[in-house]
Amino acid sequence: MSIKYSAEAAGRAAAAINERVGSRHATIGIVLGSGLGGLSKTIDDAVRIPFGDIPGFPDATVVGHEGAVIVGALGGREVVALSGRFHVYEGHPAALAAFPVRVFHALGAHELFVSNAAGGISPKLAVGDLMMISDHLNLMGTNPLVGEHQDSDLRFPDMTDAYDPGFRRILRTTAERLGIILREGVYAGLLGPSYETPSEVKMLRLLGADAVGMSTVPEVIVARALRMRVAGVSCITNAAAGVTGAALSHAEVLETTNRVSATFESLVTEFLSRSAAPQLTAVR
Ligand code: HPA
């Protein structure tokens, strides 16, 4: 049986991207969450490749997601960014949701920065806060590694410190240096696309979740299977259902990400410059 979202398929997608960008060598991949795609406009010497031009990629369908891979330089590093992602709630297999991470890896990026919009569950989180993801709960009911094993992957990836402790240190010091309040917490990934009920949010709080969203988990699992180092940040776009009693909407999610995008962009850019390989564990 051939594997649809295989390392070989990722190699073909990477080859198509390389054909367009020439001799650039991204060392880190960035996944931009709903409404956070503005970061891609700050990438220098950017080459934008629409999803439709990349073998194995379907078109992006969610409002607030552009649907392009962008290759260029940011924070002094060569980067490849995904503006618009594939969600399991769109009917995609989890393996497709994570496929862009395989493509990043095939391009030579062995580090990953993931971002998302999320609802705040913890009383310590306010709308507009940025939350460094310290860990996640996979409550999507699926896993991108289910199925035939690929030689590129660890069969049973260790998810202890899935969000790299060294990267978390750098994120903390970066935020401090920039005067950005950076919260920390556990991200619960649910299938969606309906938002949670207030009772589900109560359950998530009991389970140890600080924030909830509908993405990220498949990408991080595949990144760990490929031994990539991962950093993650959630933008708290709304209070999760029942926390304040207010109704939830995608419009509010995009309104908040718009408001926070400049702060998010400076955090990511400065993180990139501080995470360049030799200084990885240096305390600055
Ligand atoms: N729940 C799930 N996903 C989300 C939310 C939420 O409250 N906000 C943004 N994405």
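Everything here concerns the structure above.
Residues numbered from 1 in each chain as written. Predicted model: local features only at pLDDT ≥ 70, side-chain atom pairs only at ≥ 80, totals over all residues. Heavy atoms only, no water.

Notes on the overall build of the protein chain
Part 1: Across its full length, the protein chain holds seven helices and nine strands.
Part 2: In terms of overall dimensions, the protein chain is globule-like: its C-alpha atoms have a radius of gyration of 17 Å, near the 19 Å expected for 284 residues.
Part 3: Each of the three principal axes of the protein chain carries a C-alpha extent, and together these read 50 × 45 × 35 Å.
Part 4: For the protein chain, the residues scored as buried account for 55% of the 284 residues in total.
Part 5: Of all intrachain contacts in the protein chain linking residues separated by at least 6 positions in sequence, the fraction that spans at least 24 positions is 82%.
Part 6: Carbon together with sulfur atoms contributes 54% to the accessible area of the protein chain, which is approximately 11700 Å² in total.
Part 7: Of the charged side chains in the protein chain, 24 are positive and 28 negative, and the gap between their average positions amounts to 4 Å. (Helix = DSSP H or I, 4+ residues; strand = E, 2+ residues; numbered from the N terminus. Rg over C-alpha atoms; globule rule 2.2 N^0.38 Å. Buried < 20%, exposed > 50% of the residue type's maximum accessible area, 1.4 Å probe, protein only. Contact = heavy atoms within 4.5 Å. Areas by Shrake-Rupley, 256 points an atom, 1.4 Å probe, with all protein chains shown as cover. Lys, Arg positive; Asp, Glu negative; His and termini not counted. Charge placed at Lys NZ, Arg CZ, Asp CG, Glu CD.)

Focus: the site of the ligand
Part 1: Lining the immediate environment of the ligand, one finds A117, A118, G119, Y195, E196, V212, G213, M214, T237, N238, L248 and V253.
Part 2: Between G119 and the ligand, the recorded distance is 3.3 Å, taken from a backbone N or O atom to a nitrogen atom.
Part 3: Side-chain polar atom of E196 to a nitrogen atom of the ligand: 2.8 Å apart, as the coordinates give it.
Part 4: In isolation the ligand exposes 260 Å². Once the protein is present, 95% of that is buried.
Part 5: Where the shell around the ligand is concerned, the elements lending two or more residues are β5 (111-120), β8 (211-213) and β9 (229-239).
Part 6: Here the shell around the ligand gets three residues from one element, more than from any other, and that element is β5.
Part 7: When its residues are assigned to classes, the shell around the ligand shows seven nonpolar, four polar and one charged. (Near = heavy atom within 4 Å. Polar contact = N/O pair within 3.5 Å; in protein donor to acceptor, adjacent residues only side chain to side chain. Nonpolar A, V, L, I, M, F, W, Y, C, P; charged D, E, K, R; others polar.)

Quick word on the packing of aromatic side chains
Part 1: Within the structure shown, the criterion is met by seven aromatic pairs.
Part 2: In this structure an aromatic cluster arises from ring pairing among Y5, F51, F57, F86 and F99.
Part 3: The ring of F167 carries the charged tip of R229 above its face, separated from the ring centre by 4.2 Å. (Phe/Tyr/Trp six-rings, centres within 6.5 Å; stacked < 30°, edge-to-face > 60°. Lys NZ or Arg CZ within 6 Å of the ring centre and 35° of its normal.)

Some details on helix α1 (residues 7-21)
Part 1: Between its first and last C-alpha, α1 extends 20 Å over 15 residues, near the 21 Å set by a 1.5 Å rise per residue.
Part 2: Every buried residue of α1 is accounted for by A9, A10, A13, A14, I17 and V21. Projection of α1 onto a plane perpendicular to its axis shows the buried side chains occupying an angular sector of 135°, all on one side. Opposite its buried face, α1 presents the exposed residues E8, R12 and E19, each directed more than 90 degrees away. (Expected span 1.5 Å × (residues − 1). Arc of directions from axis to C-beta.)

A few points about the pairing of strand β1 (residues 28-32)
Part 1: The buried fraction of β1 amounts to five of the five residues, a majority that puts the element mostly inside the structure.
Part 2: Neither face of β1 is left uncovered, since the one carrying I28, I30 and L32 and the one carrying G29 and V31 both have all their residues buried.
Part 3: For β1 and β5, the ladder comprises four bridges, and the chain directions are parallel. Across the sheet, residue I28 finds its bridge partner in β5, namely E111. (Pairing = 2+ DSSP bridges.)

Focus on the nonpolar core
Nonpolar side chains in soluble globular proteins tend to end up buried together.
Part 1: Judged by nonpolar contacts, the single largest core of 48 residues is most densely connected at I17, F57, V69, V80, F99, V103 and L112.
Part 2: Listing elements by their share of this core, those giving two or more residues are α1, β3 (68-74), β4 (77-83), α3 (99-107), β5, β6 (130-139), α6 (217-225) and β9.
Part 3: Excluding its chain neighbours within four sequence positions, the residues that come into contact with L112 are I28, G29, V31, V101, F104, E219, A223, M228, R229, V230 and A231. (Core = buried A, V, L, I, M, F, W, Y, C linked by side-chain atoms within 4.5 Å.)

What about the side chain of T237?
Part 1: Mapped onto the elements of the fold, T237 is located in strand β9.
Part 2: Judged by its relative accessible area of 0%, T237 falls in the buried class.
Part 3: Side chain to side chain, T237 and N238 meet in a polar contact 2.7 Å long.
Part 4: Among all residues touching T237, those that are not within four sequence positions of it are A117, A118, V127, E252, V253, T256 and T257.

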